[in-house]
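Coordinate analysis (summary)
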Amino acid sequence: MASLQKTLFSSASRTASSRLQLATRRRALPISIPRILQVHPSARFASTMAPKLNDPSLFKKDVCYVNGEWVTAKSGKTFEVHDPATGELIGTCPEFDADDTNTAIEAAEAAFETFRHTTGRHRSKLLRKWYDLMVANADDLATLITWENGKPTADAKGEVTYAANFFEWFSEEAPRIYGDTIPSSTPGNRVWTLKEPVGVCGLITPWNFPAAMITRKIGPALAVGCTVVCKAPGETPFTSLALAELAHRAGIPRGVVNFVTALHNTPRVGEALTTHPTVRKISFTGSTPVGKLLMRQCSSTLKKLSLELGGNAPFIVFADADVDAAVAGAIASKFRSSGQTCVCANRIFVQRPVYDEFAAKFAAAVRRDFTVGNGFDPKVTHGPLIHARAIDKVEAHVRDAEAKGARVLVGGRRMDEVGENFFAPTVLTGMTTEMAMAEEETFGPVAGLFAFDSEEEVVRLANATVVGLAGYFFSRDLARVYRVAEHLEVGMVGVNTGLISDPAAPFGGVKESGFGREGSLYGIGEYQVTKMVTYGGMGMPLQGGGA
Ligand SMILES: NC(=O)c1ccc[n+]([C@@H]2O[C@H](COP(=O)([O-])OP(=O)(O)OC[C@H]3O[C@@H](n4cnc5c(N)ncnc54)[C@H](O)[C@@H]3O)[C@@H](O)[C@H]2O)c1
Ligand SMILES: O=CCCC(=O)O
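Below or above, wherever it landed, is the structure these notes cover. (Residues numbered from 1 in each chain as written. Chains lettered and ligands numbered in written order. Predicted model: local features only at pLDDT ≥ 70, side-chain atom pairs only at ≥ 80, totals over all residues. Heavy atoms only, no water.)

A few words on the pattern of salt bridges. For the structure on display, the rule yields 29 salt bridges. For the salt bridge of Lys-361 with Glu-357, the shortest nitrogen-to-oxygen distance reads 2.7 Å. Of this pair, Lys-361 and Glu-357 both sit in helix α12 (residues 352–369), four residues apart, which is roughly one turn of the helix. Residue Lys-361 is classed as buried on the basis of its relative accessible area, which comes to 6%. For Asp-400, the salt bridge is made with Lys-404, and the minimal N-O distance between the two is 2.7 Å. Exposure remark for Lys-404: the relative accessible area of 43% places this residue in the partly exposed category. Through salt bridges with shared partners, a single ionic network connects Asp-392, Glu-395, Arg-399, Glu-402 and Arg-414. (Salt bridge = Lys/Arg side-chain N within 4 Å of Asp/Glu carboxyl O. Helix = DSSP H or I, 4+ residues; strand = E, 2+ residues; numbered from the N terminus. Buried < 20%, exposed > 50% of the residue type's maximum accessible area, 1.4 Å probe, protein only.)

So this is what it looks like as C-alpha cells:
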C-alpha cells in the first residue's frame with residue numbers, strides 16, 4: 001500500500017509544510033500579511049481543449065453500466081456535466097429514472113444468487129484484478145477526476161491511489177471472513193454463527209472524492225459476496241463509469257456491479273434504491289439533510305444503513321504544541337480538496353499564548369505556498385469549488401464572520417479573474433461562536449481561528465455541535481492527549497496530525513455525522529448479517545472421557 005503521506009498529502013501541502021519548517025526557523029512572522037494570493041497566469045487558458053487520455057475508451061459518454069452491459073436511459077434523456085474550472089461541457093450522461101434503477105436492482109438481485117456462494121478467495125482475486133487495473137490506469141483516472149471535480153492533478157493522483165487501496169485492502173479481507181463458535185447456556189446445545197452477505201446494496205456517493213467514496217463501499221460489499229447498484233453523483237459521473245469499465249475488464253461477473261447516473265432525477269433514483277424491497281442495505285456519503293431523508297425512506301423496508309455525513313471538525317492547538325507542526329497539520333487538514341472533505345478542519349481553536357504566532361505562520365504559508373487555478377496546470381495547488389452553490393455558501397460564511405468582527409488575513413473573496421467557481425483560500429482571525437462558521441460546515445477553503453484559554457473550555461466548544469465526524473488536536477502532553485481524545489465527541493481523532501484517512505483505519509462519525517464504519521476490518525461487518533445456528537441434542541460430555 002502506498003504511504004499515506006504520498007497518497008493524501010498533496011504536493012502543495014508537502015511543499016507548504018517543508019518550506020514552512022525552513023521559514024519559521026529563520027524568523028517569527030509579523031501578523032500583517034498581504035491578502036494577495038498567487039493566481040497562475042495560465043489558469044484561464046489551460047482548459048480550452050479536452051484533456052487527453054492514454055486510453056480514450058475509459059471515457060464513457062451517454063451510457064451506464066447495468067448487468068454487464070452499457071445502456072442508455074430508457075427515456076433517452078441525458079444531463080450535462082461541466083468542468084467546474086471552466087464551465088465548459090465535458091459530456092452528457094444518462095438521466096436514469098426509477099424504472100431504469102429498478103432494472104439495475106433486478107440485475108443485482110439475479111447476480112446475488114450465484115455471487116453470494118463464491119469463495120472468498122475467488123472474490124479476493126476479482127478485487128485484486130480491479131485494483132491492478134486502477135493502478136495501471138491511474139493517470140487516466142486522475143485526469144477524469146481533475147476534469148470533472150477540479151482538484152489539482154497531484155491530489156487527483158493521490159485520490160486514485162487511496163481509492164485503489166480500498167480494493168487492495170478488501171481483497172485481503174475477503175478470504176478471512178470467520179464466524180464464531182459460542183459456548184451454549186443449555187447443556188447439549190452447540191451454537192455457532194455464520195457471517196452472510198446482507199444482499200443487494202444501494203451505494204450513493206458524493207462528488208468530492210469521485211473514485212474513493214465508491215471503492216470504499218464496493219470493496220467490502222464484494223469482499224463478503226454482496227452485489228451492488230452504485231448511484232454516482234451527477235457532478236462527477238465519468239470517473240465512476242471509468243471504474244465500471246475497469247470492473248468489466250477485471251471480469252467481475254455481470255450484474256455484480258451496476259453503475260447508474262442521474263442529476264435532476266437524483267431524488268427519484270434515491271427513492272427507488274431506498275424503497276425497493278430487494279435492496280437490503282444502503283450506504284450513503286453526503287450531507288446530513290440528505291442522509292436523514294434517505295433514512296426516512298429506508299424505514300419502509302427497514303434496510304441496514306451506513307451514513308457518512310457532514311462534519312464540523314474542531315482543530316485544537318494547545319500552547320504546549322509544536323506550533324510549526326500544528327501549522328502544517330492545519331494546512332493539510334483545512335485545505336485538502338479546497339476544504340471540500342467531510343473531515344476538513346472547520347473550526348481552528350488556538351490557545352491564547354500561541355494564537356498570534358500560529359495565525360501569522362498559518363496565514364504566511366497560505367499566502368506563500370498556494371497557487372489557485374485550473375487543476376491541470378502543474379503549478380496549481382488549489383482548484384475550483386464544485387459549483388456556484390458552494391461558492392455562495394463560502395462567501396456567505398466569510399461575509400457573516402466579517403460583519404461580526406472577524407479580520408481577513410488572507411483571501412476573503414471570489415476569484416472571478418480565474419473563473420466563477422473559484423474562491424481565494426482564506427484565513428480569518430477573531431472568530432466567535434456567534435458566527436455561522438461556528439455552527440455550520442463551510443465545505444470550502446476558509447479557515448477561521450478561534451482563541452481559547454483552558455482545556456475544559458475548548459473541549460466544551462469543540463463538542464458544541466450536533467455533528468461529530470473528525471476532531472484534531474496538537475499537544476505534547478501525554479496525559480492531555482489521552483484526556484482530550486477521550487472527551488471529544490467524534491468518530492475519529494487526529495493527534496499531532498491533520499491527516500487521518502487510511503483504508504486500514506475505521507472511518508465514520510457519531511451524532512448527526514451518521515453511523516457505520518468504512519475501511520478497515522470494521523468496514524466488512526457493514527455488509528454482513530450474522531446468522532446464529534443452535535444445534536440441539538448434541539449430547540452431554542463423555543463419562544470419564546477426556547485426558
Ligand atoms: N460527507 C461528505 O463527504 C460530503 C460530500 C459531499 C457533500 N457533503 C455535504 O453536502 C453539502 C453541500 O454539498 P451538496 O450541495 O452536493 O450536497 P447534497 O446533499 O445536495 O448532495 C450530496 C450528494 O448526495 C446525493 N443526493 C442529493 N440528494 C439526494 C437524494 N434525494 N437522494 C439520493 N441522493 C441524493 C447527490 O448524489 C450528491 O452528490 C456540504 O456542505 C457537505 O456538508 C458531504
Ligand atoms: O469527504 C469524505 C471522505 C474523505 C476521506 O476519506 O478522507
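This part covers the site of ligand 1. What surrounds ligand 1 is a group of 25 residues, the closest being Trp-207, Ser-287, Val-290, Arg-389 and Glu-441. In the environment of ligand 1, an oxygen atom lies 3.0 Å from a nitrogen or oxygen atom belonging to the side chain of Arg-389. Note that an oxygen atom of ligand 1 is positioned 2.4 Å from one of the side-chain N or O atoms of Glu-441. Relative to its unbound accessible surface of 810 Å², ligand 1 loses 86% to contact with the protein. Taken together, the elements giving at least two residues each to the shell around ligand 1 come down to α9 (266–275), β11 (279–285), α10 (288–298) and α13 (388–403). (Near = heavy atom within 4 Å. Polar contact = N/O pair within 3.5 Å; in protein donor to acceptor, adjacent residues only side chain to side chain. Areas by Shrake-Rupley, 256 points an atom, 1.4 Å probe, with all protein chains shown as cover.)

An order of β16-β17-β18-β14-β13-β20-β21 is seen for the seven strands of this open sheet, with the pairing classed as mixed. Every other strand in the sheet has two partners, leaving β16 (407–410) and β21 (492–495) as the edge strands with one partner each. Within this sheet the neighbouring strands show an average axis-to-axis angle of 25 degrees, counted without direction. As judged from the five bridges shared by strand β13 (residues 313–317) and strand β14 (residues 345–351), these two strands associate in the parallel manner. Considered in β14, the bridge of Pro-314 is made with Arg-347. Contacting β13, β14, β16, β17 (426–431) and β18 (446–452), α12 runs over the sheet at an angle of about 135 degrees to β14. Contacts from α13 reach β16, β17 and β18, with the element oriented near 35 degrees to β17. (Pairing = 2+ DSSP bridges. Axes fitted to C-alpha atoms, helices over the stretch in contact; angles between N-to-C directions. Contact = heavy atoms within 4.5 Å.)

In short, geometric facts, not functional conclusions.
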